[in-house]
Amino acid sequence: MPPSQVHALAGPADVARVVYGAPVRLSDPAPDPGALVSAYPAVMDAVGLWSNRVDPLTGKGIGVAVIDSGMASHPDFGSRIVLNKNFNPGVAGAIDSYGHGTAVAGIIGGNGTASRGEFIGVAPQGNPNHLPLNDGSGAAPTSTIMNAIL
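A brief structural summary. Predicted, not measured: the structure shown is a model, and the values here were computed from it.

**Digging into the overall build of the chain**
Logical step 1: Along the chain, the regular secondary structure elements total 5 helices and 4 strands.
Logical step 2: Ordered by position from the N terminus, the helices and strands of the chain form the series β-α-α-α-β-α-β-β-α.
Logical step 3: Of all 150 residues assigned to the chain, the portion counted as buried reaches 30%.
Logical step 4: Pairs at least 24 apart in sequence give 80% of the contacts found in the chain among residues at least 6 apart.
Logical step 5: Total accessible area computed for the chain in this model is approximately 9200 Å², and 60% of it derives from carbon and sulfur atoms.

Here it is, written out as structure tokens:
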């Protein structure tokens, strides 16, 4: 839309927001899951939080939105993914061809099933919810990112 027409959208009550759809591309290479190990629980002192006898904080019952490249099906998530909402119509299914979203979901809520407890996320009983938005190459329009966040 030309800039001269933006003002026409300011008046109607049914317009919630106007977002420029500028392309956004990740600048980092796709992550190497083998290099991540389980540094995150140690850095966050997650083991201490999990071990609290009064109120262990394991993420149980808490949903975390993974707004990223997608999430591949993985044994560490089991049936804990309770929300799948795709924000990019160009991407279908539970795939993550870029790999970043699956790595982030593992850092958040991987329970160590696939690695026999060697690689565990910060909230191993939490619900990493699948909200893919990029095109599989690490790119997404700004408008898609804003729609996922809002």
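**Concerning the side chain of Asp-68**
Logical step 1: Its place among the elements puts Asp-68 in strand β2 (residues 63-68).
Logical step 2: At a separation of 2.7 Å, a polar atom in the side chain of Asp-68 contacts the side chain of His-100.
Logical step 3: Aside from chain neighbours lying at most four places away, what touches Asp-68 is His-100, Gly-101, Val-104, Leu-131, Pro-132, Leu-133 and Asn-134.

**Describing the pairing of strand β3 (residues 127-132)**
Consecutive side chains of a regular strand alternate in pointing toward one face of the sheet and then the other.
Logical step 1: In terms of residue burial, β3 counts as a mostly covered element, since 6 of its 6 residues are buried.
Logical step 2: Residues Asn-127, Asn-129 and Leu-131 point to one face of β3 and Pro-128, His-130 and Pro-132 to the other, with burial holding for every one of them.
Logical step 3: Direction of pairing for β2 relative to β3: parallel, over a ladder of 6 bridges. Pairing of Val-66 across the sheet is with His-130, part of β3.

**Some words on unusual backbone geometry**
Logical step 1: In this structure, Arg-116 is a non-glycine residue whose phi angle is positive, near 55 degrees.
Logical step 2: Take Arg-116: it is sitting in the loop between α4 (100-109) and β3.
Logical step 3: Exposure remark for Arg-116: the relative accessible area of 82% places this residue in the exposed category.

**Quick look at the nonpolar core**
Generally speaking, nonpolar side chains in soluble globular proteins are found buried as a group.
Logical step 1: Core analysis: the biggest nonpolar cluster contains 5 residues, these being Phe-87, Leu-131, Leu-133, Ala-140 and Ala-148.
Logical step 2: Phe-87 has contacts with Leu-131, Pro-132, Leu-133, Thr-144, Asn-147 and Ala-148, leaving out every residue within four places of it along the chain.

**A word on the environment of Ser-143**
Logical step 1: Along the chain, the position of Ser-143 falls in helix α5 (residues 142-149).
Logical step 2: The partly exposed category is assigned to Ser-143, whose relative accessible area is 23%.
Logical step 3: Sequence separation of Ser-143 and Pro-23 is 120 residues, and the distance between their C-alpha atoms is 8.8 Å.
Logical step 4: Those residues within four positions of Ser-143 in sequence are excluded, and the remaining contacts are Val-19, Tyr-20 and Gly-21.

**Some words on a nonpolar patch on the surface**
Logical step 1: Together, Met-1, Val-6 and Val-18 give the surface a local cluster of nonpolar side chains, amounting to about 290 Å² of exposed area.
Logical step 2: Within the secondary structure, Met-1 is located in the segment before β1 (23-25).
Logical step 3: We classify Met-1 as exposed; its relative accessible area is 62%.

About the thresholds
Residues numbered from 1 in each chain as written. Predicted model: local features only at pLDDT ≥ 70, side-chain atom pairs only at ≥ 80, totals over all residues. Heavy atoms only, no water. Helix = DSSP H or I, 4+ residues; strand = E, 2+ residues; numbered from the N terminus. Buried < 20%, exposed > 50% of the residue type's maximum accessible area, 1.4 Å probe, protein only. Contact = heavy atoms within 4.5 Å. Areas by Shrake-Rupley, 256 points an atom, 1.4 Å probe, with all protein chains shown as cover. Polar contact = N/O pair within 3.5 Å; in protein donor to acceptor, adjacent residues only side chain to side chain. Pairing = 2+ DSSP bridges. Core = buried A, V, L, I, M, F, W, Y, C linked by side-chain atoms within 4.5 Å. Patch = residues over 30% accessible without salt bridge, like charges linked within 9 Å, V, L, I, M, F, W, Y side chains within 5 Å. Salt bridge = Lys/Arg side-chain N within 4 Å of Asp/Glu carboxyl O.

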